[in-house]
Amino acid sequence: GFTGEATIPQTADKNWNKYQWFNGTDSGVTLTSDIDLGDGDFDVSLTWIGEGYAITALTGVPSPRWLARMSSTNLQFRAYNTATIYTINWNSTIDITVVHTVDINRTGNTLSVELDGVGQAATVTTASNDTFIVNQIGFVQSNYFTGTILNVNINGVAAYTGLGNDPWRDTIGSNDGT
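Scoring rules and cut-offs
- Residues numbered from 1 in each chain as written.
- Predicted model: local features only at pLDDT ≥ 70, side-chain atom pairs only at ≥ 80, totals over all residues.
- Heavy atoms only, no water.
- Helix = DSSP H or I, 4+ residues; strand = E, 2+ residues; numbered from the N terminus.
- Buried < 20%, exposed > 50% of the residue type's maximum accessible area, 1.4 Å probe, protein only.
- Areas by Shrake-Rupley, 256 points an atom, 1.4 Å probe, with all protein chains shown as cover.
- Pairing = 2+ DSSP bridges.

Peer 1: Could you give an account of the overall build of the protein, naming the residues involved and the relevant values?
Peer 2: For the protein, the helix and strand inventory stands at zero helices and 15 strands. Here the protein holds 178 residues, and 45% of them are scored as buried. As presented, the protein carries roughly 8300 Å² of accessible surface, and 50% of it is formed by carbon and sulfur atoms.

Peer 1: If you had to explain unusual backbone geometry to someone new, which residues and values would you point to?
Peer 2: Even without glycine at this site, Asn 151 takes up a positive phi of about 50°. Secondary-structure assignment places Asn 151 in strand S14 (residues 146-154). Overall, Asn 151 belongs to the partly exposed group, its relative accessible area being 38%. Phi at Asn 155 is positive, roughly 55°, even though this residue is not glycine. Looking at the element boundaries, Asn 155 is found in the loop between S14 and strand S15 (158-160).

Peer 1: Which residues make up the pairing of strand S7 (residues 100-107), and what values go with them?
Peer 2: Covered by surrounding structure in S7 are His 100, Val 102, Ile 104 and Arg 106 only, the residues Thr 101, Asp 103, Asn 105 and Thr 107 on the alternate face being uncovered. Pairing of strand S3 (residues 42-57) with S7, which is carried by seven bridges, proceeds in the antiparallel orientation. Across the sheet, residue Val 44 finds its bridge partner in S7, namely Ile 104. Direction of pairing for S7 relative to strand S8 (residues 110-115): antiparallel, over a ladder of six bridges. Bridge pairing in S8 places Ile 104 opposite Val 113.

Structure representation (structure tokens):
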């Protein structure tokens, strides 16, 4: 075939494949190394359909941490170095069976979120020493995301399309996922 041919013919030119689907029971991506966002400003974005732990860190004291846990009503964060859980409620309940894009931004101590290009009314204030680390996509311990995750960009340091024959290859650096 020609170069633009899809991996799975039924998907036409979208090139969707099994690698971006997270089955909710045993699928996830582990990055080669930690992405340490520290306690400063950052911007993380992704596109998804579904719910669960989307961007996480396996390690953490005293338990695993997450940067993005999505549901139909909110987005949750858990700082790497504390037990504090921060929640930003969506402006209204969302349909998790359709595609959404989220942009998570931390400026100073304020976490804010845009959902599908619309700033959400709620923001949260983090402690100045709260740190965030990413080293997994789609799961944390035995808690798995159910749905599709793609177009992940972690602070312009690492990016993953979730598409094609090598969906978790870092398109910015060399922190590939498996």
